[in-house]
Amino acid sequence: VFLILVGIAIGLFWLAGYWRKKAGEAAFAAALLTNNAEERDRHCRLAVMAGHRDACRMFCFAHSDFFEDRHPLKPFRFHSISVTFYGHYYPSRYKRLLSEEQHVFCRSLYAFKEGENNGIDFFKSCLAALPVDTTSCHVMFMPCSNWIKYEKRFKRLNWYITTHRQGLTSGLYDVVVYDTRESLHESKGNRRKLEKNYSIIGNIRGKRIIIVDDVLTSGQSLINYKEELERCGGKVTAAIFYG
């Protein structure tokens, strides 16, 4: 009798786990299919309660205010400089977990990387959010993996700064990218290192500098560039990122 009762208990436990898993999969599938934000969130919560791992990621992405320490247009200190960013960027492998609003933002970031989005709105918003005095600052752009990408990505911001922002100067051509390197975001392994493929040819001695780049990940490329700029006599006061 005891063994029968144990067997029944194990069977019931297995059935409960099985149907819990199935319920989580069904709720997650419903969350993926709906375009209604409230319904998506409700189904996602049910899937999280059932222990669905991708639903947990989806829930965290949808509620970044609760799960992220850093928030868009909320400056924070990083290696003695003030840093802010425009919005949360999500790698393409999480594409199906994102809301339409998040898709739109990520597409706008990709367009900026490809030079199809001028980035002026992002630049203006981040600049206004910085808690430091940005007058008389020199804007330096993060060198890309090659010169074509560098100029294509930042040339419209360079135009905006030189024609519409009195008090700011652009350092687009203070840098020459002389070689092609692997993109830091595409390199593999834990010990990623940004190979130096550029030279600073402009005179930046004594200038207060704001660094502009597309994506902040580990921050290593920002640290490297900051050190290089300060070796050339500049003083990095802030950095802004699209995502």
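Conventions used here
Residues numbered from 1 in each chain as written. Predicted model: local features only at pLDDT ≥ 70, side-chain atom pairs only at ≥ 80, totals over all residues. Heavy atoms only, no water. Phe/Tyr/Trp six-rings, centres within 6.5 Å; stacked < 30°, edge-to-face > 60°. Helix = DSSP H or I, 4+ residues; strand = E, 2+ residues; numbered from the N terminus. Buried < 20%, exposed > 50% of the residue type's maximum accessible area, 1.4 Å probe, protein only. Lys NZ or Arg CZ within 6 Å of the ring centre and 35° of its normal. Contact = heavy atoms within 4.5 Å. Pairing = 2+ DSSP bridges. Axes fitted to C-alpha atoms, helices over the stretch in contact; angles between N-to-C directions. Parallel < 35°, antiparallel > 145°, perpendicular 65-115°, else oblique. Left-handed = near helix turned anticlockwise from the far one by under 90°. Nonpolar A, V, L, I, M, F, W, Y, C, P; charged D, E, K, R; others polar. Expected span 1.5 Å × (residues − 1). Bend = angle between axes of the 7 residues up to and from the residue. Polar contact = N/O pair within 3.5 Å; in protein donor to acceptor, adjacent residues only side chain to side chain.

(A) Layout of the packing of aromatic side chains. Applying the stated rule across the entire model yields 20 aromatic pairs. Geometrically, the ring pair formed by phenylalanine 61 and tyrosine 90 is tilted, given 4.7 Å between the ring centres and 50° between the ring planes. Residue phenylalanine 61 is found in helix H3 (residues 53-62), and its partner tyrosine 90 is found in the loop between strand S2 (81-85) and helix H5 (100-113); the two are separated by 29 residues along the sequence. Note on accessibility: phenylalanine 61 and tyrosine 90 belong to one class, buried. Members of the aromatic cluster, joined through ring pairs, are Tyr86, Phe105, Phe112, Phe122, Phe141, Trp147, Tyr150, Phe154, Tyr173 and Tyr242. Seen from the ring of tyrosine 198, lysine 196 lies directly overhead, with NZ or CZ sitting 4.9 Å from the centre.

(B) The arrangement of the environment of cysteine 106 in detail. Relative to the assigned elements, cysteine 106 resides in helix H5. Taking the C-alpha atoms as reference, cysteine 106 lies 8.4 Å from glycine 243; in sequence the two are 137 residues apart. Residues in contact with cysteine 106, not counting those within four places in the same chain, are Tyr89, Tyr90 and Leu98.

(C) Structural context of the pairing of S2. The buried count for S2 comes to five of five residues, which makes it a mostly enclosed element. Where burial is concerned, the two faces of S2 agree: the one with Ile81, Val83 and Phe85 and the one with Ser82 and Thr84 are both buried. Bridge analysis of strand S1 (residues 76-78) against S2 gives three bridges, and the strand direction is antiparallel. Considered in S2, the bridge of phenylalanine 78 is made with isoleucine 81. Direction of pairing for S2 relative to strand S8 (residues 235-241): parallel, over a ladder of four bridges. Within the sheet, the bridge partner assigned to threonine 84 lies in S8 and is isoleucine 240.

(D) Main features of the packing of helix H1 (residues 2-33) against H3. One way to put it is that H1 packs onto H3 with a least axis distance of 9 Å and a crossing angle of 40°. It follows from the interaxial angle that H1 and H3 lie oblique. Crossing angle aside, the handedness with which H1 passes H3 is left-handed. For the pair H1 and H3, the contacting residues are Phe28, Ala31 and Leu32 in the first and Asp54, Ala55 and Met58 in the second. Its residues assigned to classes, the contact of H1 with H3 comprises five nonpolar, no polar and one charged.

(E) How the structure looks around the sheet that holds S2. As summarised here, the arrangement of the six strands in space is S1-S2-S8-S7-S3-S4, forming an open sheet in which the pairing is mixed. Edge positions in the sheet fall to S1 and strand S4 (168-170), since each of these pairs with one other strand and no more. The mean inter-strand angle of the sheet, taken between neighbouring strand axes irrespective of direction, is 30°. Relative to S8, strand S7 (residues 208-213) runs parallel, the two sharing six bridges. Considered in S8, the bridge of aspartate 213 is made with phenylalanine 241.

(F) A look at helix H7 (residues 147-164). Spanning 18 residues, H7 covers 25 Å between terminal C-alpha atoms, matching the ideal 26 Å at 1.5 Å per step. Within H7, the axis deviates most sharply at phenylalanine 154, by approximately 45°. Every buried residue belonging to H7 is among Tyr150, Arg153, Phe154, Leu157, Asn158, Tyr160 and Ile161, and all of these are buried. Those residues of H7 that are buried lie in contact with H5, helix H6 (120-129), strand S3 (137-141), S4, strand S5 (175-177) and S7. Measuring from the backbone nitrogen of isoleucine 148 back to the side-chain oxygen at the start of H7 gives 3.1 Å, which picks out asparagine 146 as the cap.

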